[in-house]
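# Structural overview for review
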Amino acid sequence: FEFSMDWERIHFPETCRAVDIIIGVDEAGRGPVLGSLVYAAAFWPASEDEAIRKLGFDDSKQLKEGERDKLFTLIRSHPSVGWVIEELTPKYISEEM
């Protein structure tokens, strides 16, 4: 599994529009000295929360690599799960924060 920033940074499924949603946020990275920080949020309709939680969502650091890979695939393919991804470059962190 290799993460690529080539895919959509924002995916907002129709099922999430005009309804209450559940949002989970996570980050990865080691800071501006060692590279970018990447923040991501996954979200879904509150009405589907129980079913989607059963898929195994958790803090990425609590998951084994294979579990993260499985969830990555599920997030991208699930019709009710949306996401937002933002990369903060070392330059941005140093100069803007």
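Right above here is the structure, for reference.
Right, let's walk through the structure included here. Along each chain, the written sequence defines residue order, and numbers are assigned to residues from 1. Since the coordinates come from a predicted model, pLDDT governs what is reported: local features require at least 70, and pairs of side-chain atoms require 80 or more to be given and counted, while whole-chain, interface and lining totals use all residues. Excluding hydrogens and water, the side-chain values take into account all heavy atoms of the structure.

Turning our eyes to something else, we now look at the overall build of the protein chain. Within the protein chain, the secondary structure is distributed over 3 helices and 4 strands. The way it works is that DSSP assigns letters per residue, a run of H or I at least four long becomes a helix, a run of E at least two long becomes a strand, and they are numbered from the N terminus. Counted from the first residue to the last, the protein chain has its helices and strands arranged as β-β-β-α-α-β-α. Per-residue accessibility, obtained with a 1.4 Å probe over protein chains only, is compared with the maximum for each type, and a residue is labelled buried under 20%, exposed over 50%, and partly exposed between these values. When each of the 97 residues of the protein chain is scored for burial, the buried share is 26%. Any two residues having at least one pair of non-hydrogen atoms within 4.5 Å are treated as being in contact. Restricting to contacts in the protein chain with at least 6 residues of sequence separation, those with at least 24 account for 68%. Counting every atom, the protein chain has about 6800 Å² of accessible surface; 53% of that belongs to carbon and sulfur. Computed by Shrake-Rupley with a 1.4 Å probe, the accessible areas treat only the displayed protein chains as cover when residues are assessed.

So, about the nonpolar core. What we call a nonpolar core is a set of buried Ala, Val, Leu, Ile, Met, Phe, Trp, Tyr and Cys residues that are connected through their side-chain atoms within 4.5 Å. In this structure, Ala42, Trp44, Ile52, Ile75, Val81, Trp83 and Ile85 together form the largest nonpolar core, which totals 7 residues. Residues within four places of Val81 in sequence aside, it is in contact with His11, Pro13, Ala42, Phe43, Trp44, Ile52 and Ile75.

The subject of this paragraph is helix H2 (residues 65-77). Its 13 residues give H2 an end-to-end C-alpha distance of 19 Å, which sits within 8% of 18 Å, the value for a rise of 1.5 Å per residue. Those residues of H2 that fall on the buried side of the exposure criterion are Leu71, Phe72 and Ile75. For H2, the angular spread of the buried residues around the axis is 110 degrees, confining them to a single face. In this structure, H2 carries Lys70 and Ser77 as exposed residues pointing more than 90 degrees from its buried face. Turning to H2, the residues buried within the fold contact strand S3 (37-45) and strand S4 (82-88). Given a helix with a known number of residues, its expected span is that number minus one, times 1.5 Å. As used here, the arc is the angular range of directions from the helix axis to the C-beta atoms.

Criterion for a salt bridge: a side-chain nitrogen of Lys or Arg within 4 Å of a carboxyl oxygen of Asp or Glu. Tallied over the full model, the rule gives 4 salt bridges. In this structure, Glu14 engages Arg17 in a salt bridge whose closest nitrogen and oxygen atoms are separated by 3.1 Å. Linking Lys54 and Glu50 is a salt bridge whose minimum nitrogen-to-oxygen distance equals 3.7 Å. A relative accessible area of 59% places Glu50 in the exposed class.

A separate point is the sheet that holds S3. Backbone-to-backbone hydrogen bonds pair the strands of a sheet. The strands run either parallel or antiparallel. One open sheet holds the 4 strands; their spatial order is S1-S4-S3-S2, and the pairing between them is antiparallel. The sheet is open, and its two borders are formed by strand S1 (10-11) and strand S2 (21-28), each paired with just one other strand. Bridging between S3 and S4 involves 7 bridges; their strand directions are antiparallel. Bridge pairing in S4 links Tyr39 to Glu86. We treat two strands as partners when DSSP finds at least two bridges between them.

Turning next to the packing of aromatic side chains. For this analysis, a ring pair means two rings from Phe, Tyr or Trp (six-membered ring only for Trp) whose centres lie within 6.5 Å, classed as stacked if their planes differ by under 30 degrees, edge-to-face if by over 60, and tilted for the remaining angles. Here the structure, examined in full by the defined rule, presents 1 aromatic pair. Ring plane angle 45 degrees and centroid distance 5.1 Å describe the contact between Phe12 and Phe43, whose orientation is recorded as tilted. A residue pair is termed long-range when its members are at least 10 positions apart, and Phe12 in the loop between S1 and S2 and Phe43 in strand S3 qualify at 31 residues. The exposure class assigned to Phe12 is partly exposed, which follows from its relative accessible area of 36%.

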